[in-house]
Amino acid sequence: MLIDTFGRRAVDLRVSLTDRCNLRCTYCMPAEGLDWLPKPNLLTDEEIIRLVRIAVTDLGVTEVRFTGGEPLLRPGLVGIVAACAELSPRPELSLTTNGLGLSRTASALREAGLDRVNVSLDTLDPASFHTLTRRDRLADVIAGLAAAETAGLRPVKINTVLMRGVNDHEAADLLGWCLERGYELRFIEQMPLDAQHGWDRSTMVTAEEILARLGERFALTPEPDERRGAAPAERWLVDGWTMADGGPARVGVIASVTRPFCRACDRTRLTADGQIRNCLFAREETDLRGALRDGADDAVIAALWRAAMWGKKAGAGIDNPDFLQPDRPMSAIGG
Ligand code: SAM
Ligand code: SF4
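All values derive from a computational prediction rather than experimental measurement. (Residues numbered from 1 in each chain as written. Chains lettered and ligands numbered in written order. Predicted model: local features only at pLDDT ≥ 70, side-chain atom pairs only at ≥ 80, totals over all residues. Heavy atoms only, no water.)

Looking at the overall build of the protein chain
Our working definition: Put simply, DSSP H or I for four residues or longer makes a helix, DSSP E for two residues or longer makes a strand, and each gets a number counted from the N terminus. As defined in this context, the radius of gyration uses C-alpha atoms, and a globule is described by 2.2 Å times the residue total to the power 0.38. Partly exposed describes any residue whose relative accessible area lies between the buried limit of under 20% and the exposed limit of over 50%, with all areas from a 1.4 Å probe on protein chains only and scaled to the type maximum. Any two residues having at least one pair of non-hydrogen atoms within 4.5 Å are treated as being in contact. Note on areas: Shrake-Rupley, 1.4 Å probe, and residue coverage restricted to the protein chains presented here. Counted charges follow a simple rule, with Lys and Arg positive, Asp and Glu negative, and His plus the chain ends left uncounted. Think of each charge as sitting on NZ of Lys, CZ of Arg, CG of Asp or CD of Glu.
What the protein chain contains, in helices and strands, is 10 helices and 12 strands. Relative to the 2.2 N^0.38 estimate, which gives 20 Å for 335 residues, the radius of gyration of the protein chain is 19 Å and therefore close to what a compact globule would have. The principal-axis extents of the C-alpha atoms in the protein chain amount to approximately 60 × 45 × 45 Å. Burial statistics for the protein chain: of 335 residues in total, 56% are counted as buried. Considering only intrachain contacts with a sequence separation of at least 6, the fraction spanning at least 24 residues in the protein chain is 72%. Total accessible area computed for the protein chain in this model is approximately 14200 Å², and 51% of it derives from carbon and sulfur atoms. The centroid of the 41 positive side-chain charges in the protein chain is displaced by 2 Å from the centroid of its 48 negative side-chain charges.

Here it is, written out as structure tokens:
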């Protein structure tokens, strides 16, 4: 098992499949992109599948989420998902994506064994979409969402980051739009993980503000804490709304900065170049790619992974005065 000195157990593996992206969200990347990882440093599809197998069969991982960068840019994605779906015990498989190209791939991903998707969508206004992502692709994202729903990748979840003066006035509109379509919306507080180091605590939109804006149009009831488990999102039931299956409609807020959930964290992360990170905000990594390529057997890899998780810190401490942003940006860690 992957346990740490605070007694937490990591069962949720985030796998970054690439650091590249076809959008340039301002809270994530500069307009010109980044120095992408050199190709020889990237794990091959076979190496990724082997590491996921070790995580699932030897280390107790039960959920695997593919992310990036933009994971749909990885040519081998469908094959990777199919191989992971054959593992025993079979892990839950999900994908975090910006949705570009999802309209073409959703059904193949579903057939390969993908269970769910989280699609990032910050605005319903094409001009604001261009301001936020520096690309005119809103229609593609909306088409991708519809395709995911049709393919059965349900419940389709949407991740939204609000930026002051750009899309913060859209919180309630986004919730209404998602409720009408049966998508589950989760707001994420903006974190200091952008490559440009432009994050500013004094201007970020807080969970409290998001809830106040939603409260102007919707009646929200907090979901009991015991339903939260290790999930980072605090969730609210939206009174008067139901999902397509008749269950209650919800909205989530991931308050990573103002109400961090580190005490219940159950995550372990694998970067596209084969490094284990025990936290999004870790400043150290453990190299599994070198061990893999030096011929290490599964037991050695598993031992390195366990040791990497054992040293996990109590919390990310974003709000602490001595907080230091990690060297890698979110897109290279795997969000
Ligand atoms: N490209 C995919 C996408 O956008 O969904 C997957 C990778 S992206 C890094 C994963 C999630 O992280 C997205 O929902 C994105 O909005 C979020 N994200 C990126 N930078 C962030 C930041 N500085 N603070 C909070 N969330 C961020
Ligand atoms: Fe790309 Fe996702 Fe970062 Fe936006 S948040 S630039 S879609 S990796």
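Notes on the layout of surface pockets
Counted only if it meets this: Put plainly, a pocket is an open set of points on a 1 Å grid over the protein atoms alone with protein on both sides within 12 Å along at least five of seven lines, a cavity is a set where a 1.4 Å probe fits but cannot get out, and a lining residue has an atom within 4 Å of a point. Grid points are joined across faces, edges and corners, and a volume is the space filled by probe spheres set on the points.
The computed volume of the second largest pocket comes to approximately 380 Å³. Taken together, 20 residues form the lining of the second largest pocket, with F281, A282, R283, K313 and G315 sitting closest to its centre.

A few points about the site of ligand 1
Basically, it comes down to this: We call a residue near a molecule or strand when any one of its heavy atoms sits within 4 Å of it. For this analysis, a polar contact is any N or O atom pair within 3.5 Å, provided that within protein one partner can donate a hydrogen and the other can accept it, and provided that sequence-adjacent residues contribute only side-chain to side-chain pairs.
Y27, G69, E70, S120 and M191 are the nearest of the 18 residues found near ligand 1. Within the contact set of ligand 1, an oxygen atom lies 2.6 Å away from a side-chain nitrogen or oxygen of S120. At 2.8 Å, a backbone N or O of M191 approaches a nitrogen atom of ligand 1. With the chains in place, 96% of the 540 Å² that ligand 1 exposes on its own is no longer accessible.

Some words on the packing of aromatic side chains
To be explicit about the condition: Two rings belonging to Phe, Tyr or Trp (six-membered ring only in the last case) form a pair when the distance between their centres is within 6.5 Å. Interplanar angles under 30 degrees mark stacking, angles over 60 mark edge-to-face geometry, and anything in between is tilted.
Tallied over the full model, the rule gives two aromatic pairs. Between the aromatic rings of W177 and Y183, the centroid separation amounts to 5.8 Å while the plane-to-plane angle is 55°, which identifies the pairing as tilted. Across this residue pair, the class does not change: W177 and Y183 are buried. Taken together, a centroid distance of 5.6 Å and an interplanar angle of 70° make the contact between F281 and F323 edge-to-face. Separated by 42 residues along the polypeptide, F281 in the loop between β11 (275-277) and β12 (286-287) and F323 in the loop between α9 (298-310) and α10 (330-333) bring together distant segments of the chain. Residue classification places F281 among the buried residues on the basis of a relative accessible area of 10%.

Some thoughts on the side chain of D168
Within the secondary structure layout, D168 lies in the loop between β5 (157-161) and α6 (171-181). Note on D168: relative accessible area 7%, which makes it buried. Those residues within four positions of D168 in sequence are excluded, and the remaining contacts are L162, M163, V205 and R213.

So, the sheet that holds strand β10 (residues 267-270)
Condition: Any two strands are treated as partners once DSSP identifies two or more bridges connecting them. To get an axis, a line is fitted to the C-alpha atoms, and for a helix only the part in contact is used. The angle between two axes follows their N-to-C directions and goes from 0 to 180 degrees.
An order of β7-β8-β9-β6-β5-β4-β3-β2-β1-β10-β11-β12 is seen for the 12 strands of this open sheet, with the pairing classed as mixed. Edge positions in the open sheet fall to β7 (220-222) and β12, since each of these has one partner strand only. By the bridge criterion, five bridges tie β5 to strand β6 (residues 184-188) in an arrangement that is parallel. From the neighbouring strand, I158 faces β6, where its bridge partner is L185. Of the strands in this sheet, β2 (63-67) and β3 (92-97) are in contact with helix α2 (residues 77-85), which crosses β3 at around 155°.

What to know about helix α3 (residues 102-112)
Applicable threshold: What the arc measures is the spread of directions leading from the helix axis to the C-beta atoms.
Among all positions in α3, only L102, A106, L109 and A112 are buried. Each buried residue of α3 lies within a common arc of 135° when the element is viewed along its axis, so the set occupies one face. In this structure, α3 carries R104 and E111 as exposed residues pointing more than 90 degrees from its buried face.

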